[in-house]
Amino acid sequence: MAILHPEIETLPREEIKKLQSEKLVWQVKRMYENVECFRNRMDEKGLKPEDIHGVEDLAKLPFSYKQDLRDYYPYGLFAEPLENIRRVHASSGTTGKRIVVGYTDNDLDMWSDCVARMLKAIGLSDKDIFQVSFGYGLFTGGFGLHAGVEKIGATVIPMSSGNTSLQIQTMVDFKATAICCTPSYAMYLAEEVEKAGVKDQLSLKVGVFGAEPWSESMRHEIEEKLGIKAYDIYGLSEILGPGVSCECEYQCGMHVWEDHFIPEIIDPDTGEVLPEGSTGELVFTTISKEGFPVIRYHTRDICSLEYAPCKCGRTHIRMNKPSGRSDDMLIIRGVNVFPSQIEEVLLDFGGNEITPNYIIKIDRVNNTDTFDLDVEMSESMFTDDLKSITKTEKAITEKLRSALGLGVRVHLVNPKTIARSEGKAKRVLDLRKL
Ligand code: DLL
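Criteria and thresholds
Residues numbered from 1 in each chain as written. Predicted model: local features only at pLDDT ≥ 70, side-chain atom pairs only at ≥ 80, totals over all residues. Heavy atoms only, no water. Pairing = 2+ DSSP bridges. Helix = DSSP H or I, 4+ residues; strand = E, 2+ residues; numbered from the N terminus. Axes fitted to C-alpha atoms, helices over the stretch in contact; angles between N-to-C directions. Contact = heavy atoms within 4.5 Å. Near = heavy atom within 4 Å. Areas by Shrake-Rupley, 256 points an atom, 1.4 Å probe, with all protein chains shown as cover. Nonpolar A, V, L, I, M, F, W, Y, C, P; charged D, E, K, R; others polar. 1 Å grid on protein atoms, 1.4 Å probe; cavity = no way out; pocket = protein on both sides within 12 Å on 5 of 7 lines; lining within 4 Å. Points joined across faces, edges and corners; volume = space filled by probe spheres on them. Phe/Tyr/Trp six-rings, centres within 6.5 Å; stacked < 30°, edge-to-face > 60°. Buried < 20%, exposed > 50% of the residue type's maximum accessible area, 1.4 Å probe, protein only. Polar contact = N/O pair within 3.5 Å; in protein donor to acceptor, adjacent residues only side chain to side chain. Expected span 1.5 Å × (residues − 1). Arc of directions from axis to C-beta. Domains from an automatic or database assignment. Buried area = accessible area lost by both parts, 1.4 Å probe.

Novice: What should I look at first to understand the sheet that holds strand β19 (residues 409-413) in this one?
Specialist: In a beta sheet, neighbouring strands pair by backbone hydrogen bonds and run either parallel or antiparallel. Reading across the sheet, the four strands line up as β19-β18-β17-β20 and stay open at both edges, with mixed pairing between neighbours. The open sheet has two free edges, formed respectively by β19 and β20 (428-430), since each of these has just one partner strand. Taken pair by pair, the neighbouring strands of this sheet meet at an average axis angle of 20°, ignoring direction. Relative to strand β18 (residues 368-377), strand β17 (residues 354-365) is paired through nine bridges, and the arrangement is antiparallel. For R364, the partnering residue across the bridge sits in β18 and is D369. Packing against the sheet, helix α10 (residues 339-349) makes contact with β17, β18 and β20, and its axis sits at approximately 140° to β17.

Novice: It is not clear to me how the site of the ligand should be interpreted in this structure. Could you clarify?
Specialist: Taken together, 23 residues sit near the ligand, with A211, D232, I233, S237 and D301 positioned nearest. Isolated, the ligand exposes 620 Å² of accessible area, and the fraction of that covered by the protein chains is 98%. If you list the elements that add at least two residues to the shell around the ligand, you get α6 (140-151), β7 (229-236) and β8 (241-247). When residues in the shell around the ligand are grouped by element, the largest group, five residues, is from β7. Along the lines of polarity and charge, the residues of the shell around the ligand split into 10 nonpolar, eight polar and five charged.

Novice: I tried to follow the layout of surface pockets on my own but got confused; where do I start?
Specialist: If a probe as big as a water molecule is rolled over the atoms, it shows which places are left empty. Considered as a void within the structure, the second largest pocket measures approximately 490 Å³ in volume. Taken together, 21 residues line the second largest pocket, and the ones lying closest to its centre are K17, I262, P263, E264 and Y307. For the lining of the second largest pocket, the elements supplying multiple residues, two or more each, are α2 (13-34) and β10 (261-266). Of the residues belonging to the lining of the second largest pocket, the class tally is 12 nonpolar, three polar and six charged.

Novice: It is not clear to me how the packing of aromatic side chains should be interpreted in this structure. Could you clarify?
Specialist: Between two aromatic rings, the relevant description is the distance of the centres plus the angle of the planes. With the rule as written, the count across this model stands at eight aromatic pairs. Here the aromatic rings of Y136 and F143 are separated by 5.1 Å at their centres, their planes lie at 70°, and the arrangement is edge-to-face. Residue Y136 is classed as partly exposed on the basis of its relative accessible area of 23%. Taking relative accessible area as the criterion, F143 reaches 33% and is therefore assigned partly exposed. Summarising the aromatic geometry, the rings of Y185 and Y188 are spaced 6.2 Å apart at their centres and angled 45° between planes, so their arrangement reads as tilted. Of this pair, Y185 and Y188 both sit in helix α8 (residues 183-196), three residues apart, which is roughly one turn of the helix.

Novice: I would appreciate a short explanation of empty space enclosed by the protein in the present structure.
Specialist: Scanning all chains against the criterion turns up two cavities of 30 Å³ or more. Here the largest cavity is characterised by a volume of approximately 150 Å³. The wall of the largest cavity is formed by 15 residues, among which M31, F38, S64, D68 and L77 lie closest to the centre. Of all the elements, helix α3 (residues 36-44) adds the most residues to the lining of the largest cavity, at three residues. For the lining of the largest cavity, a count of residues per class yields 12 nonpolar, one polar and two charged. Taken as a whole, the second largest cavity encloses approximately 40 Å³ of empty space.

Novice: How should I be thinking about the side chain of T164 in this particular structure?
Specialist: Secondary-structure assignment places T164 in helix α7 (residues 164-173). On the basis of relative accessibility, which here comes to 14%, the residue T164 falls in the buried class. At 2.9 Å, the side chain of T164 forms a polar contact with the side chain of Y185. Leaving out residues up to four positions away in the same chain, T164 has contacts with Y185, Y188, L189 and E192.

Novice: I tried to follow helix α12 (residues 386-404) on my own but got confused; where do I start?
Specialist: Given 3.6 residues to a turn, an α-helix orients residues that are three or four positions apart in the same direction. With 19 residues, α12 extends 27 Å from end C-alpha to end C-alpha; this agrees with the ideal 27 Å at 1.5 Å per step. Buried within α12 we find I389, T392, E393, I396, T397, L400 and L404. Within α12, the buried residues cover an arc of 140° as seen down the axis, which keeps them to one side. Among the exposed residues of α12, those oriented more than 90 degrees off its buried face are K387, K391, K394 and S402. Contact partners of the buried residues in α12: β16 (335-337), α10, β17, β18, α11 (379-382) and β19. Just downstream of α12, G405 is the residue with a positive phi angle, here 70°.

Novice: I keep staring at α3 and nothing clicks. Help me out?
Specialist: Those residues of α3 not exposed but buried are C37, F38 and M42. On an axial view of α3, the arc spanned by its buried residues comes to 135°, and they lie on one face. Buried residues along α3 sit against α2 and α4 (66-71). After α3 finishes, the residue G46 shows a positive phi value of roughly 70°.

Novice: Before we go on, may I ask you to explain the environment of G76 in this structure?
Specialist: Position of G76 among the secondary structure elements: in the loop between α4 and β1 (87-92). Considered as a pair, G76 and S326 are 250 residues apart in the sequence and their alpha carbons are 26 Å apart.

Novice: Any chance you could explain the domain arrangement of the chain here in plain terms?
Specialist: Put simply, an interface is often sized by how much accessible area is lost when its parts join up. Segmenting the chain into domains produces domain 1 (1-327) and domain 2 (332-430). Distance between the C-alpha centres of domain 1 and domain 2: 32 Å. Every contact between the two is made by 15 residues of domain 1 and, on the other side, 12 residues of domain 2. For the pairing of domain 1 and domain 2, the buried interface totals around 1200 Å² over both sides, and the portion due to carbon and sulfur atoms is 45%. Of all the elements in the fold, those that place two or more residues in the side of domain 1 that touches domain 2 are β1 and α8. Within the side of domain 1 that touches domain 2, the residues separate by chemical class into three nonpolar, eight polar and four charged.

This is the structure in structure tokens:
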């Protein structure tokens, strides 16, 4: 299959290292000058940009964390003045506050190029009609894929997410040959296509899925139901959005575009870099990004890296499917949710109707995530009538919808019925089987 930039994608590993070293030195210097948080961390370690000569010095550099984005909200970590920031995106942070990332013109160009490489690796071309069913908005999925599809010269259908019957009708009428969305939404779409009996009217060949974990059995089910080949793509807002890594035609891990991102695998507890092939927390350094660059950023995703050459000819290393996270972030219908966000809404709700004792229950029914929240009511609420209980449930639902951007079914339960824990509170019951 076509390789968009063979001179980069098949660069010998020694050359990749050289390129990374040059770019790392450049990035460290400008971040030291422009990003206070990074400068402070370097100073604390007694490090100056001149101490960094190349990738061999990477492990000396300080780590960065999601919490930093919260502490410096919204723009405090940007390495360029705002007049050079062309676009921002955002996603959930560890608390109610969102994390904000920014892109310069060059960043947007690099982003669409990464997505274009990815789409080429999957075998798409200007002949394709690509339905983008990731959400457009602050989430990076919609706009991220959109720009890459345009860059390879394919035709883009900017559907955004939701409205399943219209999605199916559009796919059929506009003869979409490729689609992207979350794998769980693809499963749902596949079911609906089956129900509507329109599988033989589809022109779909390829599905590009990511933004949440999914299994091989899910892949096979989607492939069979939609009659397509399904590819895994990975990314996160803090590093780029979609386009950080993706599968090629051989589907043996996701190639990380190493001319822009340096991955490391570390022990999440000690921060120690683990030997080649180990499973641990994935950490990224962005060596090309201007607007919002990061050094040794903890993704919290657990996976391993594959260094052996790939049959496709690309020399860039591959990451295996993330097998979980080292924090408590949940991904529900593709939306990142932290239990602390829910806790904050419940605490803010105040009044004397509820207590902040709750259980989050997640399951997957008909291939769609269900999201229920049991909240313990107070003794005084308990004696109230059913009408006021329903009213309170509705009010909490609305507050959560606006805080999380996600629908949730809230159930007030009787006082003292949620088990108290002696250690860490068990707040999440995730019954989904991937
Ligand atoms: O989900 C970016 C994206 C959009 C990737 C569209 C792929 C397609 P965030 O909302 O910041 O960004 O969420 C990032 O989602 O740290 C992982 O935990 C998870 N994730 C993303 N892709 C995959 C994948 C986008 N292929 C977080 N497999 C990441 C497993 C994934 N988890």
